[in-house]
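Summary of the model geometry
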Amino acid sequence: MNALENSVVRDMSLAPEGHLKIDWASAHMPVLNRIREQFEREQPFKGLKVSICLHLEAKTAYLAKVIQAGGAEVTITGSNPLSTQDDVCAALVEDGITVYAKHNPGMDEFKRLILKALESKPDLIIDDGSDFASILHGEHPELAVNIRGGAEETTTGIIRLKALQKEGILKFPMVAVNDAYCKYLFDNRYGTGQSAWDGIIRTTNLVVSGKTVVVVGYGWVGKGIAMRAKGLGASVVVTEVDPIRAVEAYMDGFAVLPMLEAAKIGEIFVTATGNRSVISGEHYAVMKDGALLANAGHFDVEVNKPDLAAMAAEVRTVRRNIEQYRMKDGRSLYLLAEGRLVNLAAADGHPAEIMDTTFALQALGLKYVNENYDKLSREVVNVPYELDEQVARFKLESLGISIDELSEEQKAYLDSWK
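Thresholds applied
- Residues numbered from 1 in each chain as written.
- Predicted model: local features only at pLDDT ≥ 70, side-chain atom pairs only at ≥ 80, totals over all residues.
- Heavy atoms only, no water.
- UniProt positions renumbered as here; feature names shortened; annotations may be inferred.
- Helix = DSSP H or I, 4+ residues; strand = E, 2+ residues; numbered from the N terminus.
- Expected span 1.5 Å × (residues − 1).
- Buried < 20%, exposed > 50% of the residue type's maximum accessible area, 1.4 Å probe, protein only.
- Arc of directions from axis to C-beta.
- Contact = heavy atoms within 4.5 Å.
- 1 Å grid on protein atoms, 1.4 Å probe; cavity = no way out; pocket = protein on both sides within 12 Å on 5 of 7 lines; lining within 4 Å.
- Points joined across faces, edges and corners; volume = space filled by probe spheres on them.
- Nonpolar A, V, L, I, M, F, W, Y, C, P; charged D, E, K, R; others polar.
- Pairing = 2+ DSSP bridges.
- Right-handed = clockwise from strand over helix to strand, strands pointing away.
- Salt bridge = Lys/Arg side-chain N within 4 Å of Asp/Glu carboxyl O.

The name given to the chain in an unreviewed UniProt entry is Adenosylhomocysteinase, with the source organism recorded as Paenibacillus thailandensis. As stated in UniProt under Function (unreviewed entry), the record for the chain gives "May play a key role in the regulation of the intracellular concentration of adenosylhomocysteine."

What follows is the structure in structure tokens.
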């Protein structure tokens with residue numbers, strides 16, 4: 001496929017800036033660089049088509065180039081209309097990767113671009129939020145004819161894939177990259193913890209210290225957001241539906257309240273649940289004037305936007321990525337980045353060093369499913385621990401850190417019941 005002739009991007013003249021961004025990211029991704037060298041030698045994807053649906057910015061672009069270096073014909077699209085970077089798209093086209101993505105297209109065009117990335121009938125996919133999988137199972141099953149399997153990036157995606165699996169209709173194995181240790185311990189916690197606040201601070205130019213921050217959900221993403229909020233000097237309140245996580249948040253030093261009570265005292269709200277309408281009309285009714293609403297989950301459904309619009313007397317954009325909803329009683333609530341992923345829609349996403357390990361898992365996970373697809377069941381597959389451990393060892397080596405190893409005597413002791 002001729003990338004330049006087939007791609008749909010905003011402006012090819014932006015490519016030089018995109019190359020600089022990709023080069024900067026790759027310079028800070030030593031684990032992925034090592035895997036690229038391995039792929040160039042082994043060519044694990046030679047002759048195969050790989051379609052990717054991820055947040056299309058510099059780190060993702062470098063992952064695409066690593067897959068391409070492994071012999072694949074790569075097509076890529078964006079998983080969020082606001083996170084796509086047009087200069088990065090143009091640079092990838094120059095590098096021979098077919099791109100169907102633009103920053104902030106209309107929703108109809110956004111969906112068409114995702115569909116176009118599947119029309120090549122790929123052999124393997126990398127997915128985010130199961131955007132590809134939903135189309136392949138719901139609207140266009142004929143495009144799944146060649147698919148051997150793939151890898152999924154997010155919590156939301158795993159939830160949707162397991163629902164397909166539960167119904168017995170999942171068409172191919174999908175590696176749950178999100179559930180790997182090197183994903184949720186580092187990406188979800190430290191990556192989102194930093195990048196969500198990066199997006200909020202860049203967008204608002206307001207101080208966090210001294211404010212009351214409400215973190216909705218205390219999974220690994222919520223843990224990271226709460227930890228960084230505390231570090232920035234905020235008073236942190238956590239809301240949860242899971243009693244175990246609620247106890248954990250309490251033991252970590254955070255106040256735990258029902259959402260309706262937290263809504264009365266919060267000044268910055270960040271959602272991280274993967275569920276819908278976790279902030280809705282009853283909560284808006286009691287919020288303070290000036291409250292900021294941000295989402296760190298995959299889809300823009302966690303903050304209920306229809307309720308917000310219905311309760312507002314006026315809606316206007318007051319700053320890039322900030323919409324003011326002026327309530328009928330005169331209060332104003334501010335929604336950041338249209339309720340989409342604030343770390344990517346309003347900033348550059350996770351730091352490169354964090355995505356280094358996550359995308360290393362994506363690359364190795366895709367290689368694993370390609371080598372074993374004929375042996376794997378059509379279900380959500382865990383990343384083999386050996387791959388998880390390999391990525392961690394590569395990361396330690398890149399940092400110049402050595403660790404101990406068990407002696408034969410210690411191994412024998414751990415394997416014995418005596």
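Once the structure has been displayed, the description carries forward.
If you check helix α17 (residues 385–399), its first and last C-alpha atoms are 21 Å apart, about what 15 residues at 1.5 Å a residue would give, namely 21 Å. Within α17, burial applies to L387, D388, V391, F394 and K395. What you see down the axis of α17 is that its buried residues fit within an arc of 125 degrees, all on one side. Of the surrounding secondary structure, the elements contacted by the buried residues of α17 are α3 (30–42), α9 (181–204) and α16 (352–372). Positive backbone phi, approximately 75 degrees, marks G400, located one or two places after α17.

In this structure the tally under the stated criterion is 1 cavity of 30 Å³ or more. Its volume calculated, the largest cavity comes out at about 40 Å³. Lining of the largest cavity is provided by T77, G78, P81, T84, Y100, A101, K102, P105, F110, L113 and I114. Among the elements of the structure, β2 (73–78) and α6 (107–118) are those that each provide at least two residues to the lining of the largest cavity. The biggest single contributor to the lining of the largest cavity is α6, with 3 residues. Residue composition of the lining of the largest cavity, by class: 7 nonpolar, 3 polar and 1 charged.

Across the 5 residues of strand β7 (residues 212–216), 5 count as buried, placing the element largely inside the fold. Neither face of β7 is exposed, since T212, V214 and V216 on one face and V213 and V215 on the opposite face are all buried. The sheet contact formed by β7 and strand β8 (residues 235–239) spans 5 bridges and is parallel. Directly across from V214, in β8, lies its bridge partner V237. Handedness of the crossover joining β7 and β8 through helix α10 (residues 220–231) is recorded here as right-handed. For β7 and strand β10 (residues 268–271), the ladder comprises 4 bridges, and the chain directions are parallel.

Attention now goes to the pattern of salt bridges. Going through the model one piece at a time under the given rule, you end up with 23 salt bridges. A salt bridge links K183 to D187; the nearest nitrogen and oxygen atoms lie 3.6 Å apart. Of the two residues, K183 and D187 are both situated in helix α9; the distance of 4 residues between them amounts to about one turn of the helix. Assessed through its relative accessible area of 4%, K183 is described here as buried. The partner of R340 in a salt bridge is E338, with the nearest N and O atoms 3.6 Å apart. Exposure remark for R340: the relative accessible area of 12% places this residue in the buried category. You can call E338 partly exposed: its relative accessible area is 30%.

In this section: the layout of surface pockets. Volume-wise, the largest pocket comes out at about 1000 Å³. As for the largest pocket, its lining consists of 48 residues, of which T155, V221, A272, G274 and G297 are closest to the centre. Contributing elements (two or more residues each) for the lining of the largest pocket: α4 (58–69), α8 (155–166), α9, α10, α15 (342–345) and α16. Grouping the amino acids of the lining of the largest pocket by side-chain chemistry returns 17 nonpolar, 21 polar and 10 charged. Secondary-structure elements contributing two or more residues to the lining of the second largest pocket are α6 and α7 (131–138). Looking at the lining of the second largest pocket element by element, the count peaks at 6 residues for α6.

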